[in-house]
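Structural overview
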Amino acid sequence: MVEQRILDIADHLMLIERELQVQGWWDAEAPSDEALASTVPFAVDTLSFEQWLQWIFLPRMKIIIELGQPLPNASSILVMAETVFTDRPEQSRELRRLLAAFDQLIAPSA
């Protein structure tokens, strides 16, 4: 039986994906293989934060869930989102809320 936390995380991934689409931050074409191969955190040297969410974060998290691999034990995506979206606070409000909730779901409960 899949634990509720996994289901909640999977639901949140879908909500994050949907919000990227609603805001028009969803790309139809993938970035180059070189851009996706960045080893810099959040691939800030080759991708926008929205691209990183779409092309690296969401696919990796989906694979982890589908294969039943261990979840990361911490997430600080909201911190990055707060930095990236300083110039778009209203437009990014729902995405930041979803990312904050994701960070909380990933953190192991005490």
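Residues numbered from 1 in each chain as written. Predicted model: local features only at pLDDT ≥ 70, side-chain atom pairs only at ≥ 80, totals over all residues. Heavy atoms only, no water.

Right, let's get into the environment of phenylalanine 49. Among the secondary structure elements, phenylalanine 49 is positioned in helix α3 (residues 49–67). Accessibility expressed as a relative area gives 5% for phenylalanine 49, which makes it buried. In this structure, phenylalanine 49 is in contact with Phe42, Ile77, Met80, Ala81, Val84, Phe85 and Leu99, ignoring residues within four places of it in sequence. (Helix = DSSP H or I, 4+ residues; strand = E, 2+ residues; numbered from the N terminus. Buried < 20%, exposed > 50% of the residue type's maximum accessible area, 1.4 Å probe, protein only. Contact = heavy atoms within 4.5 Å.)

Turning our eyes to something else, we now look at the UniProt feature "domain: YqcC-like" (unreviewed entry) in the chain. Per the UniProt record, "domain: YqcC-like" (unreviewed entry) is annotated on residues 9–105. Structurally, residues 9–105 is divided into 60% helix and 0% strand, and its ends, taken at the C-alpha atoms, are 7 Å apart. (UniProt positions renumbered as here; feature names shortened; annotations may be inferred.)

So, about the packing of aromatic side chains. Where two aromatic rings form a pair, the distance of their centres and the angle of their planes describe that pair. The final tally for this structure, using the stated rule, is 7 aromatic pairs. Between phenylalanine 57 and phenylalanine 102 the ring centres are 5.0 Å apart and the planes differ by 90°, which places this aromatic pair in the edge-to-face class. Here phenylalanine 102 lies in helix α5 (residues 93–106) and phenylalanine 57 lies in helix α3, a separation of 45 residues in the sequence. For phenylalanine 102, a relative accessible area of 1% translates into the label buried. One aromatic cluster is present, formed by Trp25, Phe42, Phe49, Trp52, Phe57, Phe85 and Phe102 through successive ring pairs. (Phe/Tyr/Trp six-rings, centres within 6.5 Å; stacked < 30°, edge-to-face > 60°.)

By the secondary structure assignment, isoleucine 65 is in helix α3. A sequence separation of 56 residues divides isoleucine 65 from isoleucine 9, and the C-alpha atoms of the two residues are 8.6 Å apart. Discounting chain neighbours no more than four positions away, the residues touching isoleucine 65 are Ile6, Ile9, Ala10, Leu13 and Leu71.

Moving on, we get to α5. With 14 residues, α5 extends 20 Å from end C-alpha to end C-alpha; this agrees with the ideal 20 Å at 1.5 Å per step. When we look at burial in α5, the residues that qualify are Leu95, Arg96, Leu98, Leu99, Ala101, Phe102, Asp103, Leu105 and Ile106. In the core, the buried residues of α5 are packed alongside α1 (4–22), α3 and α4 (77–84). (Expected span 1.5 Å × (residues − 1).)

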